[in-house]
Amino acid sequence: MAVKNRDRFSTATRLRLLGEQTAARVYRSQTRRQARRSRLTGRAALLALVLCSMIVALAYPMRQYVSQRAQISDLQRQQEQDRKRVEQLRDLKARWQDDSYAEQQIRLRLHYVMPGETGYVVVDPGAAKQSRADLRSARRPWYANVWDGVDKSDASDQ
């Protein structure tokens, strides 16, 4: 036991104990410092800065891309409508090339009749009343008719 007690008070033992205590204190202070330390390191801040600058740099081209895609789709839709309209006009032209269709339209629109046929015109009573209203407006000065037209259009908007 004498050897053990002597080892306990020896300089080497004391230095070793003092070193272990100091190491424990340093370890505890480092863990506290790491806990207090911000999670945002210099590398993370640089990465965030690079990402933000890339987002800002790509915002305008992306907006242009989206607007141009929308414009392209509008033009394609308009082109398809124009194709349909051209097809309708070609169909109408082909119908007018047919003599029977042209004759039918001439009879309908111009009230022509073939030789030997009798043409009749049926007068609509509502149209006769309207023509009388037109005769009343013919007797008035022109500016009164214009003003009545403005009043009628204003009333139709409401």
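This text follows the structure it describes.
Computed from a prediction, not measured in an experiment: that's the story for all the values here.

## Quick word on the overall build of the protein
Tallying secondary structure elements over the protein gives six helices and zero strands in all. Written out in order from the N terminus, the α and β elements of the protein read α-α-α-α-α-α. Residues counted as buried form 3% of the 158 residues belonging to the protein.

## As for a nonpolar patch on the surface
Side chains of Leu46, Leu47, Leu49, Val50, Leu51 and Met54 sit close together on the surface and give an oily, nonpolar patch of about 580 Å² of accessible area. Structurally, the position occupied by Leu49 is in helix 3 (residues 42-97). For Leu49, a relative accessible area of 57% puts it in the exposed group.

## So, the packing of helix 3 against helix 4 (residues 99-110)
Here helix 3 crosses helix 4 at 90°, and the two axes come no closer than 5 Å. In terms of their interaxial angle, helix 3 and helix 4 are classed as roughly perpendicular. Contacts between helix 3 and helix 4 involve Leu92, Arg95, Trp96 and Gln97 from the first element and Asp99, Tyr101, Ala102, Gln105 and Arg109 from the second. Residue composition of the contact of helix 3 with helix 4, by class: four nonpolar, two polar and three charged.

## Here's the deal with helix 4
Between its first and last C-alpha, helix 4 extends 16 Å over twelve residues, near the 16 Å set by a 1.5 Å rise per residue. Restricting attention to buried positions, one finds in helix 4 the residues Tyr101, Ala102 and Gln105. Along the long axis of helix 4, the arc covered by the buried residues comes to 95°, so they all point the same way. Considering only its buried residues, helix 4 is in contact with helix 3. His111 sits one or two residues past helix 4 and shows a positive phi near 60°.

## Comments concerning the packing of aromatic side chains
What the rule picks out here adds up to two aromatic pairs. Between Trp96 and Tyr101 the ring centres are 5.3 Å apart and the planes differ by 85°, which places this aromatic pair in the edge-to-face class. Arranged with centres 5.9 Å apart and planes meeting at 80°, the rings of Trp142 and Tyr143 form a pair that is edge-to-face. With relative accessibility at 63%, the residue Trp142 sits in the exposed group.

## Topic: the pattern of salt bridges
Counting across every chain of the model gives five salt bridges. Note that Asp74 and Arg77 form a salt bridge whose closest N and O atoms lie 3.6 Å from each other. Of this pair, Asp74 and Arg77 both sit in helix 3, three residues apart, roughly one helical turn. Judged by relative accessible area, Asp74 falls into the partly exposed class, the value being 40%. The closest approach of N and O atoms between Arg95 and Asp91, which form a salt bridge, is 3.5 Å. Of this pair, Arg95 and Asp91 both sit in helix 3, four residues apart, roughly one helical turn. Given a relative accessible area of 42%, Asp91 falls into the partly exposed group. Taken together, the salt bridges that share partners define one network made up of Glu103, Arg107 and Glu117.

Reading guide: rules and limits
Going along each chain's sequence as written, the residues are numbered from 1 onward. Only residues with pLDDT of 70 or above have their local features reported here, since the model is predicted, and side-chain atom pairs are shown and tallied only from 80 upward, although totals for entire chains, interfaces and linings are computed over all residues. Just so you know, side-chain values use all the structure's heavy atoms and leave hydrogens and water out. For the purposes of this entry, the term helix denotes a DSSP run of H or I that reaches at least four residues, the term strand denotes a run of E that reaches at least two, and both are numbered from the N terminus. Relative accessible area decides the class of each residue, using a 1.4 Å probe on protein chains only: under 20% of the type maximum gives buried, over 50% gives exposed, and in between gives partly exposed. Like-charged residues within 9 Å of one another, or nonpolar side chains (Val, Leu, Ile, Met, Phe, Trp, Tyr) within 5 Å, are grouped into patches, provided each residue has over 30% relative accessible area and no salt bridge. Every accessible area reported is derived by Shrake-Rupley at a probe size of 1.4 Å, with residue values counting cover from the shown protein chains alone. The rule for a salt bridge is simple: a side-chain nitrogen of Lys or Arg has to be within 4 Å of a carboxyl oxygen of Asp or Glu. Between N-to-C directions, angles span 0 to 180 degrees; the directions come from axes that are lines fitted to C-alpha atoms, helices contributing only their stretch in contact. Angles below 35 degrees are treated as roughly parallel, those above 145 as roughly antiparallel, those between 65 and 115 as roughly perpendicular, and all remaining angles as oblique. Any two residues whose heavy atoms approach within 4.5 Å at even a single point are treated as in contact. Here the nonpolar group is Ala, Val, Leu, Ile, Met, Phe, Trp, Tyr, Cys and Pro; Asp, Glu, Lys and Arg are the charged ones; every other residue, Gly included, is treated as polar. A helix is expected to span 1.5 Å for every residue after the first. When we speak of the arc, we mean the arc of directions from the helix axis to the C-beta atoms. Any Phe, Tyr or Trp ring, taking Trp's six-membered ring, that has another such ring centre within 6.5 Å forms a pair; planes under 30 degrees apart are called stacked, those over 60 apart edge-to-face, and the others tilted.

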